[in-house]
Structure formats: structure tokens, C-alpha cells
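# Examining the three-dimensional arrangement
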Amino acid sequence: MTAETTEPERPDEEYASDPGERGREQRGWYFYDFACSVYSTSVLTVFLGPYLTSVARAAADADGFVHPLSVPVRAGSLFAYAVSASIVVAVLAMPLVGAAADRTGRKKPLLAASAYLGAAATAGMFFLDGERYLLGAFLLIVANASLSVSMVLYNAYLPQISEPDERDTVSSRGWAFGYTSGAFVLVLNLILYSGHDSFGLTEGEAVRICLASAGVWWGAFTLVPLRRLRDRRTGAARAGGGGVGGGWRQLAGTLKDMRRHPKTLAFLLAYLVYNDGVQTVISQASVFGSEELGLEQTTLITAVLLVQILAVAGALGMGRLARSYGAKRTILGSLVVWTLILVAGYLLPAGAPVFFYGLAAAIGLVLGGSQALSRSLFSHLVPRGKEAEYFSAYEMSDRGLSWLGPLVFGLAYQLTGSYRDAIISLVIFFVVGSVLLARVSVRQAVLDAGNPIPDRV
């Protein structure tokens, strides 16, 4: 059976008013978080950073530099630079994909293409051995950019499959599904990695199997949302277009339209800044733990596993807080905690896994909630019929423009040779992001977008 739906098209309003069908589609939607979060957890957060760094160091010259395209790069900075490069690629693709999705009303084929390209690149990491640091950097760029593009389309379904007062809960459940899968697969990774000798594997072979298995998981569970989510033909889609030229024209119109919603843009700017810090902490935490703190790989895996378990509770718990205090206030509180986490990380003693576990617990409690509530809050600020286009801008803030944090982190290490200096440099993202978010009048932004105001914002 193909992933394409054979259901007859119905107006969005009729479909959204049916709780049974809406619930079925929501449950299918959750499973894309369940599918792709394993990449974010096992690949990007745990295994690839230290492993790619070790591969690069094996290929480095006597001064510790590799030379991709004849450019001298410190081996310890390669992973951070590759993450930044992947985001630049995503920036070029995401706005066009978002505009094309709204223009044609066909998100599912684009979601399938981007998801399976990323899953294939991740599975290909099994072949990353020896001194193949260029292969590793290339596969990382493809997989990370593909994930970003797919998340544009995935997030754009949220305002179409949930009522305004449901979105904090639905978004939080999606993140909870993702952290649940990440925790489960990390347990399997920990068993394989820590017992690789008993399985007849070298340490490197075990790592490569863990990397490749994330791609297989991603591809397999993507089938669920592709079966349950439904394409919708918006007004823009019914008007025609949808080719590459039409997509660019629609994107130009979207950028012009967004100037009519300055408060939505103000929220995006705030989110761009503070989420840059969040994404950098996630992607560089394992490198910081292994290289600066001298922690074993098993310690890093169990710490990230702790993050995944607590992130489920944190996402659901912060969703409940948002119902009482509003999403904006809850997010602002989480940014204060993020700032304290970075300060604690800078002061963390080397070779002390207990303190690292404490830091991981704090990250877990705020990670899922801050991301889930940001997504649901933005969904209230999107004019109807422009979901994918506006969420392409959101995803550029979420992943697409989060190149500055890894770049700052990599440059700080390249200039100082200290990962502590690199980690403390990220504080500025949370401080500035908090100030910008505090200045946004969310209630007025919802009104300006023409959407109903939920009880708490």
C-alpha cells in the first residue's frame, strides 16, 4: 500500500470538527517525532560528535588539523562546523519546500522524500570508519538538512489537526513520543555498546551499528504518519501553481505578508536567538563531556538516557504549567533555568559523572517543554492557509538559522582550545532571547493573525 491517502477531500473546517478523525490524525502525527527523534538523540547528541572527532583526529596532521578543501580545521572543531554547514543547506531548501507545500496542498510527498533521504544518509554512517571524516561530514550535512526540511512539513500540520486550546497539549505529546523513542533506543544502544566484546564487535563497529540503526528506525516509523496524515488543498493550492517558479513566487509573497505581522516576526526573532542556544547545547553536549570532562562513552549514553526520560515528564509537566500560567511565561521560566545550566556546566569538575548526571537531569526537565511550547505558541500566530510557509520560517529559527551557536562554539574552541570557554559563550543566546521574548505581546499577535485567542497564552 502506498503512503498516499485515498480519502476524499473535505474542507479543513469539517475535518477539524470531527473529534474522532482529528484524534486519529493526531496520533499518527505523534509518530513522526517517534521516528526522527532517535536521530537527534543517538546520532547528533550521543555518538556522532565524539566518533567523528576521533575519525578526524586519526586523519589529522601533526598539529591536530585536517584540511577539507585545503582549509585548515582543528579536528575537534570539525563536528561543530559540519552542523553549521548542514543548517546553511537547510536554509536554502526550507523556504522553497514550505511555499511549495502550501501552494500545492501536498505536504506528504515532500515529507516522505525529505524523511527518507535523511534516513538513508543516517543508515550510510555504518560505512564511516578509518579516516573517512569527509564522508562523515557529508552524511551529517545531508541527514541534518533533511531532518530540518521534514520538520517544516511536520510542524505545519499542527494547526490543521488541533483546535487552538488543544495545541499546547498536542505539541507536548509529540515531544513526549519523541523522547520516549529516544530513551528506548538509547537503552538498546547502551546494551550493544557496553557489551560489544560479548557480541564479537569492536567499539567502532558497535558505534557504527548504533548510528545506522537510527536511520532504519527513522525510515520504518515514518510510515505511520504517512498513512494517517491527510493532504489539504488550501486556498493557495486551489488557485494553482506549485512548480518551482510558483514556489518562489509564493515565498516572495509570504515574506511580504510576514511584514504585516510584526509581532509574529518579533516572536520568531526571539525564538531564533534562544533556540540557537538550545540546539547548540544539544548537539555539543557529548563532545563537551568526552573531551573537556573526560567522561566515558557509557556515562554520556546514560546521561542522555536520563535526559530523555525526564524530558517526557518535563514536556508534559510544562504543558500543564502553560495551561495555568500561559506558554509565554512558562517558556521565560525555562530560559532562566537554561542560563543556570550553562553556568553550572562551565564550573563542572572534570571526571565527576555524578555532577554531570545532575546537569543532565536539569536539561531534561526544561528541554522538551521549552521546545513543545514554543511550537504550539507559534501555531497561534500563523494566518490560516499559510501554515507550511510560516513554519518554514519557524523551522529556520528552530534548526535552519541555528548555525551561529555551533559556529561560535567551534570558533571559541579553535581560538582558546577550551570547551569550557565554548560552553559559557552560549549564555548570551538565552539572555538576549529572554529579553526579546518578554517584549512580544502574544495576545495581540494572535489577534493580528486573525486567530481565536486561547484561554492562556
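What counts as what
Residues numbered from 1 in each chain as written. Predicted model: local features only at pLDDT ≥ 70, side-chain atom pairs only at ≥ 80, totals over all residues. Heavy atoms only, no water. Helix = DSSP H or I, 4+ residues; strand = E, 2+ residues; numbered from the N terminus. Buried < 20%, exposed > 50% of the residue type's maximum accessible area, 1.4 Å probe, protein only. Contact = heavy atoms within 4.5 Å. Areas by Shrake-Rupley, 256 points an atom, 1.4 Å probe, with all protein chains shown as cover. Core = buried A, V, L, I, M, F, W, Y, C linked by side-chain atoms within 4.5 Å. Phe/Tyr/Trp six-rings, centres within 6.5 Å; stacked < 30°, edge-to-face > 60°. Lys NZ or Arg CZ within 6 Å of the ring centre and 35° of its normal. 1 Å grid on protein atoms, 1.4 Å probe; cavity = no way out; pocket = protein on both sides within 12 Å on 5 of 7 lines; lining within 4 Å. Points joined across faces, edges and corners; volume = space filled by probe spheres on them. Salt bridge = Lys/Arg side-chain N within 4 Å of Asp/Glu carboxyl O. Axes fitted to C-alpha atoms, helices over the stretch in contact; angles between N-to-C directions. Parallel < 35°, antiparallel > 145°, perpendicular 65-115°, else oblique. Left-handed = near helix turned anticlockwise from the far one by under 90°. Nonpolar A, V, L, I, M, F, W, Y, C, P; charged D, E, K, R; others polar. Expected span 1.5 Å × (residues − 1).

A word on the overall build of the protein. In terms of helices and strands, the protein carries 20 helices and 2 strands. Burial analysis of the protein (457 residues in total) assigns 59% to the buried set. Contacts in the protein between residues at least 24 apart in sequence constitute 85% of all its contacts with a sequence separation of at least 6. Put simply, the protein shows about 17,200 Å² of open surface, and 64% of that area lies on carbon and sulfur atoms.

In this section: the nonpolar core. Within the largest apolar cluster, 136 residues are counted, with the highest numbers of intra-cluster contacts made by W29, L48, L140, W218, F267, W338 and F378. Here this core gets 17 residues from one element, more than from any other, and that element is helix 2 (residues 19-59). In this structure, W338 is in contact with V278, V281, I363, V366, L367, S370 and F430, ignoring residues within four places of it in sequence.

The next thing to look at is the packing of aromatic side chains. Tallying each qualifying case throughout the model produces 21 aromatic pairs. Pairing Y30 with F177 gives two aromatic rings, centres 5.1 Å apart and planes at 40°, and the pair type is tilted. Pair noted here: Y30 is in helix 2 and F177 is in helix 7 (residues 167-194), with a separation of 147 residues, a long-range link. Residue class for Y30 comes out buried when judged on its relative accessible area of 4%. Between F34 and F221, the aromatic rings sit 5.0 Å apart at their centres with planes inclined by 75°, giving edge-to-face as the arrangement. Placement of F34 in helix 2 and of F221 in helix 8 (residues 203-221) is noted, with a sequence separation of 187 residues between them. Clustering of aromatic rings is evident, with ring pairs tying together W29, Y30, F31, Y32, F34, Y154, F177, F184, W217 and F221. The residue whose ring lies beneath K107 is Y157, and the NZ or CZ to ring-centre distance is 5.3 Å. Geometry around F126 places R208 over its ring, the cationic atom sitting 4.9 Å from the centre.

This part is about the environment of R57. By the secondary structure assignment, R57 is in helix 2. Placed 76 residues apart in sequence, R57 and Y133 show a C-alpha to C-alpha distance of 8.9 Å. Residues within four places of R57 in sequence aside, it is in contact with A75, G76, E291 and Y413.

Moving on, we get to empty space enclosed by the protein. Evaluated as defined, the whole model comprises 3 cavities of 30 Å³ or more. Taken as a whole, the largest cavity spans an internal volume of roughly 520 Å³. Every residue lining the largest cavity is counted, 33 residues in all, and those nearest its centre are T45, V281, I282, I363 and L367. Taken together, the elements giving at least two residues each to the lining of the largest cavity come down to helix 2, helix 7, helix 12 (262-292), helix 13 (297-325), helix 14 (327-347), helix 15 (353-379) and helix 16 (387-400).

Evaluation of the coordinates by the stated rule reveals 6 salt bridges. Its salt-bridge partner being E291, residue R57 comes within 2.7 Å of it at the nearest N-O pair. Placement of the pair is R57 in helix 2 and E291 in helix 12, with a sequence separation of 234 residues. The partly exposed category is assigned to R57, whose relative accessible area is 36%. With relative accessibility at 32%, the residue E291 sits in the partly exposed group.

Packing of helix 2 against helix 7 brings their axes to within 7 Å, and their N-to-C directions diverge by 45°. As the angle between them shows, helix 2 and helix 7 are arranged oblique. Relative to helix 7, the crossing made by helix 2 is right-handed. The residue makeup of the contact of helix 2 with helix 7, split by class, is 13 nonpolar, 10 polar and 2 charged.

For residues that are not glycine, phi is negative in most cases, and the peptide bond is trans in most cases. One non-glycine residue, L69, lies in the positive phi region at around 55°. Its location among the elements puts L69 in the loop between strand 1 (65-66) and strand 2 (73-74). Phi at S70 is positive, roughly 65°, even though this residue is not glycine.

In this structure, S324 sits in helix 13. Spatially, the C-alpha atoms of S324 and R456 are 7.1 Å apart, while their sequence positions differ by 132 residues.

Right, let's talk about helix 15 for a bit. If you check helix 15, its first and last C-alpha atoms are 39 Å apart, about what 27 residues at 1.5 Å a residue would give, namely 39 Å. Of all 27 residues making up helix 15, 20 are buried, and the element is well covered by its neighbours.

Moving on, we come to helix 8. The end-to-end C-alpha distance of helix 8, which contains 19 residues, comes to 27 Å, matching closely the 27 Å that a straight helix rising 1.5 Å per residue would cover. Considered for burial, the residues of helix 8 that qualify are A206, V207, R208, C210, L211, A212, A214, G215, W217, W218 and G219. Along its buried surface, helix 8 packs onto helix 2, helix 4 (107-123), helix 5 (133-156), helix 7 and helix 9 (223-228).

Quick look at the side chain of S150 now. When you line up the elements, S150 lands in helix 5. Setting aside its immediate chain neighbours within four residues, S150 contacts Y32, L111, S114 and A115.

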